[in-house]
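A closer look at the structure
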Amino acid sequence: MNLKKNISILKLPHLKKTAGMNSVRISPPKEVLLPMNMHSGQAAVPIVAEGEHVRVGQLIAREEGRNSSPVHATVSGVVKAIEPFGPTVAIRIESDGKMEKDPGVVPPEVHDLDEFLQAVRDSGIVGLGGAAFPLWAKLDAVRRSPIKTVLINGAECEPFITSDNRTMIEHSDLIVKGVALLKKYLLSEEFIIGIERNKPDAIAEMNRVFADDPSVTVKPLKSVYPQGAKQVLLYNATGKVVGPGQRLASLGVIIINVTSLAKMAEFMETGMPLVDKCLTLEGSAVKEPKNLVVPIGTPVSHIVEQAGGLCCEPGKLIFGGPMMGHTRESMDSPIIKATNAVIIFSEKDSQPVKSTACIHCGRCVANCPLGLNPTAFARAMEIDDQEERYAVLDKENVMLCMECGSCSYVCPARRPLVDTNKDAKRFVKKTKAAKDAMEKKEGGN
Ligand code: SF4
Ligand code: SF4
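Residues numbered from 1 in each chain as written. Chains lettered and ligands numbered in written order. Predicted model: local features only at pLDDT ≥ 70, side-chain atom pairs only at ≥ 80, totals over all residues. Heavy atoms only, no water.

Remarks on the site of ligand 2
We apply this condition: Near, as used in this document, describes a residue that has one of its heavy atoms within 4 Å of the molecule or strand being considered. When residues are grouped by polarity, Ala, Val, Leu, Ile, Met, Phe, Trp, Tyr, Cys and Pro land in nonpolar, Asp, Glu, Lys and Arg in charged, and all others, Gly among them, in polar.
Neighbouring ligand 2 are the residues Cys358, Ile359, His360, Cys361, Gly362, Cys364, Thr375, Cys411, Pro412, Ala413, Arg415 and Leu417. When grouped by side-chain class, the residues that make up the shell around ligand 2 number 8 nonpolar, 3 polar and 1 charged.

See below:
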């Protein structure tokens, strides 16, 4: 990995015209659809039945395993269906429009680290910057080794998205409380809030609220992509590098998204688990781009309607930013826990690009923040012998690829490099799992 020589060098258009707009809470949708796999681990398991009445904040699906996360009702109403949703199921709740709070929603009793981690676990909060890794599991690293430094990620480096920016401006009190909680229970000593320089209001607000706290440093960062990526932020904010296979926590550092931190503090104060979130609605098909607070599970169509509609025929719908986001086929797709933006492009701006043969210009390699070689991944994926393909991809450190899309963005031949990288990572993961299972079996004989 060549991180020190080559880091976050892409200058993308910021397109953050919603940065100065206060977030607005939408009225509740007629129904929400809550998938059981809104986090990175194993799917949650429904504990409610069709026809059951639920209230906001009520537990409706329990976590299943360590990296799973519970799911809570985000509107009050009736469970209409538990239906197939991709590889899992989703709970559909018909709203009664009352948004009645569940009586069980009370601030958690927390006196020590165990109770603190359990409370965060119960809150259903996951990494809200997009990773969706359960927050409690990240904090749990403190049981293995001290977490001296907490790096708070307010970089928000993707074009269009400004929801973390709004969190820092509108909910700075919660960020202060979140820092106090981590000081108290994780015994962390140093807090660095990394924010791109294109968010001067957020930088000013963080400087204001932490003016008297010497443990907190507000670190303005260059507005370059992918400044918010784990490895890039770590290096630019602390000068540290996490090597292949190395855990970040082994350096005594964890990185927490700024909105995750604020939501955690809110839960400790109110007992309300993760049931809504602020997202940026943007894109060339959106009539009035805005920051909106929406119940999780709300269909995009309702959000668009609440925000003033579309100005033209939609062509492409993306959850997240244009670089790392995920396309969705239907305007009825529900918002999930980690959705920080909904971008809708016009048909005109959504025409598929035609890729041509690689001209070996090397721009993809030169622009990879981690110094990886996407052309080597692409070549490896053409090797028929699976053992050999695995060995080459492993040697080229494909699993380090953070799917930032910088290589695809700069490629003059418009090669779908990031898609190939994702395929290559899936292949390595699957092959490694098969190898491990085989070794385990042989070890048992
Ligand atoms: S997506 Fe491309 S640029 Fe980004 S880390 Fe992976 S190989 Fe590097
Ligand atoms: S940037 Fe595109 S054309 Fe240039 S070497 Fe990489 S894949 Fe080939």
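Here the narrative resumes, following the displayed structure.
Some points on the domain arrangement of the chain
Rule in force here: The domain boundaries here were taken from an automatic or database domain assignment.
According to the domain assignment, the chain consists of domain 1 (3-17 + 106-270), domain 2 (30-95), domain 3 (276-350) and domain 4 (363-444). A separation of 30 Å is found between the C-alpha centroids of domain 3 and domain 4.

Quick word on the sheet that holds strand 15 (residues 314-319)
Threshold: Only strands that DSSP links by at least two bridges are regarded as paired with each other. Numbering goes from the N terminus for both helices and strands, where a helix is a DSSP run of H or I of at least four residues and a strand is a run of E of at least two.
Strand order in the open sheet made by the 6 strands is 1-14-13-17-15-16, with mixed pairing throughout. A strand with exactly one partner marks an edge of an open sheet, and here the two such strands are strand 1 (24-25) and strand 16 (326-328). Taken together, the 3 bridges between strand 15 and strand 16 define a ladder with antiparallel strand orientation. When the bridges of strand 16 are listed, isoleucine 318 appears paired with threonine 327.

Considering the side chain of serine 68
Keep this limit in mind: Each polar contact in these results corresponds to two N or O atoms within 3.5 Å; when the atoms are within protein, one needs to be able to donate a hydrogen and the other to accept it, and residues that are neighboring in sequence are counted only if both atoms are side-chain atoms.
Here serine 68 lies in the loop between strand 5 (59-62) and strand 6 (71-72). Side chain to side chain, serine 68 and histidine 39 meet in a polar contact 3.4 Å long. Engagement of the side chain of serine 68 in a polar contact is seen with the backbone nitrogen of glutamate 64, the distance being 2.9 Å.

Here's the deal with the pairing of strand 13 (residues 276-282)
Rules: Burial classification: accessible surface area is computed with a 1.4 Å probe over protein chains only, and a residue below 20% of its type maximum counts as buried, one above 50% as exposed, and the rest as partly exposed.
For strand 13, a buried count of 7 out of 7 residues is recorded, marking the element as mostly surrounded by other parts of the structure. Residues of strand 13 alternate between two faces, with Asp276, Cys278, Thr280 and Glu282 on one and Lys277, Leu279 and Leu281 on the opposite face, all of them buried. The sheet contact formed by strand 13 and strand 14 (residues 290-295) spans 6 bridges and is antiparallel. Residue leucine 281 lies in a different strand from strand 14, and its bridge partner there is lysine 290. Both strand 13 and strand 17 (residues 341-346) contribute to a ladder of 3 bridges, which runs parallel. Residue pairing for strand 17: glutamate 282 is matched across the bridge by isoleucine 343.

Quick word on the sheet that holds strand 2 (residues 31-35)
Strands sit in the order 2-8-7-4 across an open sheet of 4 strands; the sheet is antiparallel. Here the strands that pair on one side only, and so sit at the sheet edges, are strand 2 and strand 4 (53-54). One ladder, built from 2 bridges, connects strand 4 with strand 7 (residues 77-85); its direction is antiparallel. When the bridges of strand 7 are listed, valine 54 appears paired with glycine 77.

A short note on the environment of lysine 316
Our working rule: Two residues form a contact once any of their heavy atoms are found within 4.5 Å.
Relative to the elements of secondary structure, lysine 316 occurs in strand 15. Taking the C-alpha atoms as reference points, lysine 316 and valine 209, separated by 107 residues in sequence, lie 40 Å from one another. Once residues within four sequence positions are removed from consideration, lysine 316 is found in contact with Thr327, Ile343, Ile344, Phe345 and Ser350.

Considerations on the packing of helix 1 (residues 113-123) against helix 7 (residues 258-270)
The criterion, for reference: A fitted line through C-alpha atoms represents every axis, and for helices the fit uses only the stretch in contact; the resulting angles, taken between N-to-C directions, go from 0 to 180 degrees. Comment on the angle field: the value is read as roughly parallel under 35 degrees, roughly antiparallel over 145, roughly perpendicular from 65 to 115, and oblique elsewhere.
The N-to-C vectors of helix 1 and helix 7 enclose an angle of 105°; their axes lie 10 Å apart at closest approach. Considered as vectors, helix 1 and helix 7 are oriented roughly perpendicular to each other. Along the contact surface, helix 1 presents Phe116, Ala119, Val120, Asp122 and Ser123, while helix 7 presents Met264, Phe267 and Met268. Considered class by class, the residues forming the contact of helix 1 with helix 7 number 6 nonpolar, 1 polar and 1 charged.

Comments concerning the site of ligand 1
Neighbouring residues of ligand 1: Cys368, Pro369, Pro374, Cys401, Met402, Glu403, Cys404, Gly405, Ser406, Cys407, Val418 and Asn421. The set of elements that each furnish at least two residues to the shell around ligand 1 consists of helix 12 (406-410) and helix 13 (417-444). When its residues are assigned to classes, the shell around ligand 1 shows 8 nonpolar, 3 polar and 1 charged.

Considering the environment of isoleucine 383
Mapped onto the secondary structure, isoleucine 383 falls in the loop between helix 10 (374-380) and helix 11 (386-395). The spacing of isoleucine 383 and serine 406 is 23 residues in sequence and 25 Å in space, taken between C-alpha atoms. The residues contacting isoleucine 383, other than those within four sequence positions of it, are Glu388, Arg389 and Val392.

Overview of the packing of aromatic side chains
The criterion, for reference: Aromatic rings from Phe, Tyr and Trp, with only the six-membered ring used for Trp, were paired whenever their centres fell within 6.5 Å, and each pair was classed as stacked if the ring planes differed by under 30 degrees, edge-to-face if by over 60, and tilted otherwise. For a lysine, the NZ atom is tested; for an arginine, the CZ atom; a charge sits over a ring if that atom is within 6 Å of the ring centre and within 35 degrees of the ring normal.
If you walk through the whole model with that rule in mind, you get 2 aromatic pairs. Taking the centre distance of 4.8 Å and the plane angle of 15° together, the rings of phenylalanine 116 and tyrosine 185 count as stacked. Of this pair, phenylalanine 116 sits in helix 1 while tyrosine 185 sits in helix 4 (residues 172-186); the two residues are 69 residues apart in sequence, bridging distant segments of the chain. In terms of burial, phenylalanine 116 and tyrosine 185 fall into one category: buried. Lying over the aromatic face of phenylalanine 427, arginine 389 brings its terminal NZ or CZ to 4.6 Å of the ring centre.

Side note on helix 4
Our working definition: A helix is expected to span 1.5 Å for every residue after the first.
The terminal C-alpha atoms of helix 4 lie 21 Å apart, and with 15 residues this matches the ideal 21 Å at 1.5 Å per residue to within 8%. When we look at burial in helix 4, the residues that qualify are Ser172, Leu174, Ile175, Gly178, Val179, Leu181, Leu182, Tyr185 and Leu186. One or two residues past the end of helix 4 sits leucine 187, with phi positive at roughly 60°.

Description of helix 11
Using the following cut-off: Directions are taken from the helix axis to each C-beta atom, and the arc is the one they span.
All of the buried residues in helix 11 are Arg389, Tyr390 and Leu393. Along helix 11, the residues classed as buried sweep out an arc of 100° about the axis, all on the same side. Of the residues in helix 11, the exposed ones pointing more than 90 degrees away from the buried face are Glu387 and Lys395. For helix 11, the N-terminal cap is aspartate 385; the gap from its side-chain oxygen to the backbone nitrogen of glutamate 387 is 3.0 Å. Asparagine 397, located one to two residues past helix 11, shows a positive phi value of around 60°.

Looking at the packing of helix 3 (residues 163-170) against helix 7
For the record, the criterion: By the definition used in this description, the sense in which the near helix is turned from the far one sets the handedness, with an anticlockwise turn below a right angle giving left-handed and a clockwise turn giving right-handed.
The N-to-C vectors of helix 3 and helix 7 enclose an angle of 45°; their axes lie 9 Å apart at closest approach. Between helix 3 and helix 7, the crossing angle belongs to the class labelled oblique. Handedness of the crossing formed by helix 3 with helix 7: left-handed. Residues Asp164, Thr167 and Met168 of helix 3 form the contact with helix 7, whose participating residues are Val258, Thr259 and Ala262. Split by residue class, the contact of helix 3 with helix 7 holds 3 nonpolar, 2 polar and 1 charged.

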